[in-house]
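# Commentary on secondary and tertiary structure
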Amino acid sequence: MSKAKRSTAETLSPKAARQHLRAARTMLFPSAPAPRSLNRADRHEHDGLELELVNEDRPFWGKSGEVPKDLYGHLFVNTAAGTVVSKGLPYPVEDSTTILAGDAYMMRFDFDGGKVKLKSKLLRTPCYYFDEESQKDDAYKMYRFFNHGILRFNWLMGARNMNNTAFYPLPAPGAKRDDPCRLLATWDAGRPWEIDPETLEAKTPVGRRDEWFAEAFGTHPFPTTFSTAHPQWDAEKGELFTVNYGKGIDALARTIPLVQNAYLMSKMARSRRTQLLVALGLKKTVAKREEAFVGIDVKRSQLQDASKTTGWLPQRFTHLLRWDGEGDIERFQMVNQHGASVGVEETVHQMAVTKNFVILLDTGFKVGLDALYGDPFPFLPQGLRGSFKFLTTRPVTPYSTFHIVKRSDLDESLAQWKAKTDKERRFDRTPDVRCTTVRVPSAACHFVADFEDDGHRVVLHVAHSDATDVGEWVRAGAVSPYTGKPVDPALFGLPGVNAIDTNRVARYIVDTDWSRVVDTRVMSRNPYTWTVALYAERTAGLPVNFSDEVRSIVWNSIGFFPELATKEMTEMYENYIHRQTPIDEILQMPDSGGRPSTVFRVDTDTNQIIDDFILPPGFVCSSPQFVPRKGGDEQSDTDGYITIMVFPPERKDGSEATPELWILDAARLCDGPVCMLRSDKFKVGFTIHTAWLGALKPYDPSTYRVDVPGELRPTLDNRRRGKLKKLFEEKIFPHFS
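Residues numbered from 1 in each chain as written. Predicted model: local features only at pLDDT ≥ 70, side-chain atom pairs only at ≥ 80, totals over all residues. Heavy atoms only, no water.

Turning next to the overall build of the chain. A tally of regular secondary structure across the chain gives 13 helices and 35 strands. Per-residue burial for the chain yields a buried fraction of 61% across its 737 residues. Relative to all contacts within the chain whose residues are 6 or more apart in sequence, the contacts with residues 24 or more apart total 73%. In the form shown here, the chain has an accessible surface area of approximately 28,300 Å², with 53% of it arising from carbon and sulfur atoms. (Helix = DSSP H or I, 4+ residues; strand = E, 2+ residues; numbered from the N terminus. Buried < 20%, exposed > 50% of the residue type's maximum accessible area, 1.4 Å probe, protein only. Contact = heavy atoms within 4.5 Å. Areas by Shrake-Rupley, 256 points an atom, 1.4 Å probe, with all protein chains shown as cover.)

In total, this model carries 47 salt bridges according to the counting rule given. A salt bridge links Glu-239 to Arg-322; the nearest nitrogen and oxygen atoms lie 3.8 Å apart. Taken together, the residues Glu-239 in strand β14 (residues 239-247) and Arg-322 in strand β15 (residues 316-323) connect sequence positions 83 residues apart. Arg-713 is paired through a salt bridge with Glu-729; the nearest N and O atoms lie 2.7 Å apart. Of this pair, Arg-713 sits in the loop between α12 (708-712) and α13 (725-732) while Glu-729 sits in helix α13, and the two are 16 residues apart along the sequence. Taken together, the shared-partner salt bridges connect Asp-234, Glu-239, Arg-322, Glu-330, Arg-407 and Asp-411 into one network. (Salt bridge = Lys/Arg side-chain N within 4 Å of Asp/Glu carboxyl O.)

Right, let's talk about the packing of aromatic side chains for a bit. Here the distance between the centres and the angle between the planes together describe a pair of aromatic rings. Considering all chains together, one arrives at 25 aromatic pairs under this definition. Taking 5.0 Å as the distance between ring centres and 90 degrees as the angle between the ring planes, the aromatic pair formed by Phe-153 and Trp-155 counts as edge-to-face. Through pairs of rings, three or more aromatic residues link up here, namely Phe-130, Phe-145, Phe-222, Phe-728 and Phe-733. Its guanidinium or amino end placed over the ring of Phe-213, Arg-331 lies 4.1 Å from that ring's centre, counting from NZ or CZ. It is Arg-595 that lies over the ring of Trp-530; its NZ or CZ is 5.3 Å from the centre. (Phe/Tyr/Trp six-rings, centres within 6.5 Å; stacked < 30°, edge-to-face > 60°. Lys NZ or Arg CZ within 6 Å of the ring centre and 35° of its normal.)

Looking now at the side chain of Ser-547. Relative to the helices and strands, Ser-547 resides in the loop between β27 (532-536) and β28 (552-557). A relative accessible area of 2% places Ser-547 in the buried class. Discounting chain neighbours no more than four positions away, the residues touching Ser-547 are Ala-449, Asp-450, Phe-451, Glu-537, Arg-538 and Thr-539.

Glancing now at the sheet that holds β15. Taken in spatial order, the 8 strands of this open sheet run β13-β14-β15-β16-β20-β19-β18-β17, and their pairing is mixed. The outermost strands of the open sheet, each flanked by one partner alone, are β13 (232-234) and β17 (347-353). Across the sheet, the mean angle from the axis of one strand to that of its neighbour is 30 degrees, orientation sign disregarded. Along the sheet, helix α7 (residues 407-418) makes contact with β13, β14, β15, β16 (330-335), β17, β18 (357-363), β19 (399-406) and β20 (432-441), crossing β19 at roughly 55 degrees. (Pairing = 2+ DSSP bridges. Axes fitted to C-alpha atoms, helices over the stretch in contact; angles between N-to-C directions.)

Across the chain, the bulk of peptide bonds are trans and the bulk of non-glycine residues have phi less than zero. Across the junction of Leu-89 and Pro-90, the peptide omega takes the value 5 degrees, indicating a cis bond. Among the structural elements, Pro-90 can be located in the loop between β3 (73-80) and β4 (104-112). A cis amide bond links Asn-526 to the next residue, Pro-527, at an omega of 10 degrees. Within the secondary structure, Pro-527 sits in the loop between β26 (516-523) and β27. For Phe-217, which is not a glycine, the phi torsion comes out positive at approximately 55 degrees. One can find Phe-217 in the loop between β12 (202-205) and β13. For Phe-217, a relative accessible area of 2% puts it in the buried group. Even without being glycine, Ser-623 reaches a positive phi, approximately 55 degrees. Looking at the secondary structure, you find Ser-623 in strand β31 (residues 620-628).

Next up on the list: the sheet that holds strand β7 (residues 151-154). Pairing is antiparallel across the open sheet formed by 3 strands, whose spatial order is β6-β7-β8. Sheet topology places β6 (146-148) and β8 (158-159) at the edges, where each strand pairs with a single neighbour. Relative to β7, β6 is paired through 3 bridges, and the arrangement is antiparallel. For Phe-146, the partnering residue across the bridge sits in β7 and is Phe-153.

Next up on the list: the nonpolar core. Core analysis: the biggest nonpolar cluster contains 100 residues, and Phe-109, Phe-130, Trp-662, Phe-682 and Phe-728 have the highest contact counts within it. Dropping the residues within four chain positions of it, Phe-130 is found in contact with Tyr-143, Phe-145, Met-157, Phe-222, Leu-724, Leu-727, Phe-728 and Ile-732. In this structure, Trp-187, Val-342, Val-405 and Ile-688 belong to the second largest nonpolar core, which totals 46 residues. (Core = buried A, V, L, I, M, F, W, Y, C linked by side-chain atoms within 4.5 Å.)

Turning our attention to a nonpolar patch on the surface. A cluster of nonpolar side chains, Leu-276, Leu-280 and Leu-282, forms an exposed patch at the surface whose accessible area comes to about 290 Å². Along the chain, Leu-276 falls in helix α4 (residues 257-279). (Patch = residues over 30% accessible without salt bridge, like charges linked within 9 Å, V, L, I, M, F, W, Y side chains within 5 Å.)

Attention now moves to the environment of Gly-73. Relative to the elements of secondary structure, Gly-73 occurs in strand β3. Accessibility expressed as a relative area gives 5% for Gly-73, which makes it buried. A sequence separation of 105 residues divides Gly-73 from Asp-178, and the C-alpha atoms of the two residues are 8.1 Å apart. Excluding residues within four positions of it along the chain, Gly-73 makes contact with Phe-109, Asp-110, Phe-111, Trp-692, Leu-693 and Gly-694.

Take a look at the structure:
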């Protein structure tokens, strides 16, 4: 992409100029309702459903244009679509929970000769089949899963592995962009699963059960295993990097605000004692105290590494995993400069890989065993459930922590560990690898890194999710902070994608030798950076290796809809430490028009917006994906299209709106959609991450396959679960034999 600096207004076409003028005016009038199409799904599986052009007039630009003839390949979109109990969205009021806790509903849009056809399918893993079968017979009532916030859980069986968040292509080393490849479905609370790109069927988990550590309930059929929704595949070296972590019982306890406050007060008291001792000239005493604390932390890490981490109590560990796509997974325990295990505070939703480093982001997204507190007693009436939630929730941490590992250290660490005796490895089960830790203000969920680095410094491009809490949701009993009236039940379950402050987009250059940020560029621009959500980039979600230099990134923002605001969320973040927009201004949002949903391109050199599209009132976009133009320049950021899923308001005739697929010219987002497509037969709610493949091929079991029945059978040799053996053998195992 050209580095020429320009503002959008300087290059607007007449059509785009009219769109921007009208969009700006919408901010001066009362806001539009949040689209109910965000929260509707019927779980119907389609095969070859042809989408139609939207032929009704739309604000600012009219009817849809034709599907571009040079649009090709296959667009994959992942999302959640309710559970086997709810049969879709919205959830029943009595069982309301976040929509992010639903079964994976996978969509594939096939582009061919100006036509777009849809294939969709639910992702059916072993825990899905058990969830479904257990609902059919009351003999299995005690084994049924319940919605505990973002986790669907049973104390005897473990946690559902939904894989409803993202896709990740695994191209073979040396493959071309349009070659077919393998495909993973992922999320943050379970092993990735490889799917068949043609049939969309679940085929095998990545890694055997014994290659993943559980934070707790490790002997259960479905252990609570936490990972990342964004593993990273270096196509040049044929290496997949992911993470496996547990936050430990102390992190679980600190989820409770009272315990968290006591923990922070103890840290403050410890700091003040240290200051007092230094002031009294007792520096040696301070050093001994710090050495003792470090020693305790290191000893705990050593004891943890010697255990099998399969008990009931939550375990603390952070393991970096490396896999070649075919063999065993290699595991490394990430430790700090003192040798103590690195801890995860929230979750590791996003990772990145550069030429010399692997980078993990401790993201502002509350996922982990502590997520059970999100809805600890789902069998109680909604009013009581809300009361317990008030006692067990807290804001996300107001900062972003990056853990950076040097890739060359992995081989060295592995060689040293293999040189140990069997007896030594019995008590040191995982090779240690040192990491550099850097912290910056404001939480974040997504970032991208330049692949090229000089071996010392890395460049990170980050979207900060200030005062945004995706781990929360609009729950039954919620009231509006503006009117004091109950929120519309049609919105129950929508995640906390209504930022209680303006978000930021930043670029950081991090010196890994000195563990510090040496260059910072931060941008926040109203109305674009309000609830910045997902991203598209020339290589993101495509079967190619990473960009040596990320020249530009397309971000989408949800905007701000006063209808989605709740009193609980507003009060939780009203004293947000990095606040940019005064809370009084947010409390005036209904009168000022809220904030529109947008798509915008950021030039990473200047960290400024250089192209954008503002959706009309009442529309929300999600799931941006770069789709290359057939025969286009493979090194260009803009020689192709940006696809987005759009959720419109109800139709003028009063009928329910259905989601739409919009195609935008990647070089001119400001011109609005090239075409808009939909089908009245296609109904799905808020969508998440995407991928694109140029061609498809079936899953090949000879390349990689885990024996799913073999690893599950031992978990049923238990007095409490023995009665389930017949069910598993007859109803579940045949799908994976």
